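# Observations on the model geometry
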Amino acid sequence: MARTPPHQFSVPLSATRRGARLARLLAAEQLDSWGVPLDPARLIVAELATNAVLHGRVPGRLFRLTLTVPVAGLLRVELTDTRAEALPVRASAPAAPSESGYGLLLVETLSDRWGVRLGPVPCKTVWAECAFAPLGSTAGGCAG
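Scope of this entry: the structure provided in the associated data block. Each chain carries its own residue numbering, running from 1 in the direction its sequence is written. Predicted model: local features are reported for residues with pLDDT of at least 70 only, side-chain atom pairs are reported and counted for 80 or more only, and whole-chain, interface and lining totals are derived from all residues. Values reported for side chains reflect all heavy atoms of the structure, with hydrogen atoms and water molecules removed beforehand.

On to the sheet that holds strand E2 (residues 62-71), then. Spatially, E1-E2-E3-E5-E4 is the arrangement adopted by the 5 strands of the open sheet, whose pairing is antiparallel. The strands lining the two open edges of the sheet, one partner per strand, are strand E1 (7-14) and strand E4 (113-118). Here the strands of the sheet are splayed against their neighbours by 15 degrees on average, with no regard to which way each runs. Here, strands pair whenever DSSP counts at least two bridges between them. Elements are defined by DSSP. Helices are runs of H or I of four residues or more, strands are runs of E of two residues or more, and each kind is numbered from the N terminus. One ladder, built from 6 bridges, connects E4 with strand E5 (residues 124-131); its direction is antiparallel. Residue Trp 114 lies in a different strand from E5, and its bridge partner there is Ala 128. Sitting on the sheet, helix H1 (residues 17-34) is in contact with E1, E2 and strand E3 (74-81), with an inclination near 165 degrees to E1. What counts as an axis is a line fitted to C-alpha atoms, over the stretch in contact for a helix, and the angles between N-to-C directions run from 0 to 180 degrees. Working rule for contacts: check all heavy atoms of both residues, and any pair within 4.5 Å makes them a contact.

Here's what the structure looks like:
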C-alpha cells in the first residue's frame, strides 16, 4: 500500500487566468497552514500555473495543482494539464528584451530542480522541487 506524504494538497482548476490566480492564492494559503515559507514557492506556482493556462489549455479541460511535502524540508509543486504534446523547453533568456519568455528560467532559478513527467495520456505534469527551512528557523528557502 502506498504511503501518503505528510502533507498533500491537490485541486482541479479552470484553465483560465482566473484559475491561474486561484492556484497562486490557494497555494499560499496551504503553504502557510503547513508552515512552509511562501516565497519562492508561490512564484513557482504562479509561473507554472500561467504556463498551464497559456500553453497547456484545452477548451473545457481543467488543470491540476498539487503540492506535497514528501519529506521534512522539501516542497514539490506539480501542475498537470491535458496537452502532453506542448512540452516546456529548457532555454536561456530571450535573445531580445521581451515581456514574456522568462517563466521557466525563473522556475529553474528559484527551484532546486524541475522537470516534466508524461502521462497518463493526454496529460503532462510540470514539477519543481524546493528545499525549505520551516518558518521561524534561520535558514532560507530554495537554494536555487
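Past the structure itself, the notes keep going.
At a minimum axis separation of 9 Å, helix H2 (residues 41-55) and helix H3 (residues 103-110) run at an interaxial angle of 150 degrees. One finds that H2 runs roughly antiparallel with respect to H3. In this structure, H2 meets H3 at a crossing whose hand is left-handed. Counting all contacts with H2, which are made through Leu 43, Ile 44, Glu 47, Leu 48 and Asn 51, the residues of H3 involved are Gly 103, Leu 104, Leu 106, Val 107 and Leu 110. Its residues assigned to classes, the contact of H2 with H3 comprises 7 nonpolar, 2 polar and 1 charged. Roughly parallel means an angle under 35 degrees; roughly antiparallel means over 145; roughly perpendicular covers 65 to 115; every other angle is labelled oblique. The crossing is said to be left-handed when, going from far helix to near helix, the turn is anticlockwise and less than a right angle, and right-handed when the turn is clockwise. Following the grouping adopted for this structure description, the nonpolar residues are Ala, Val, Leu, Ile, Met, Phe, Trp, Tyr, Cys and Pro, the charged ones are Asp, Glu, Lys and Arg, and the polar ones are all others, Gly among them.

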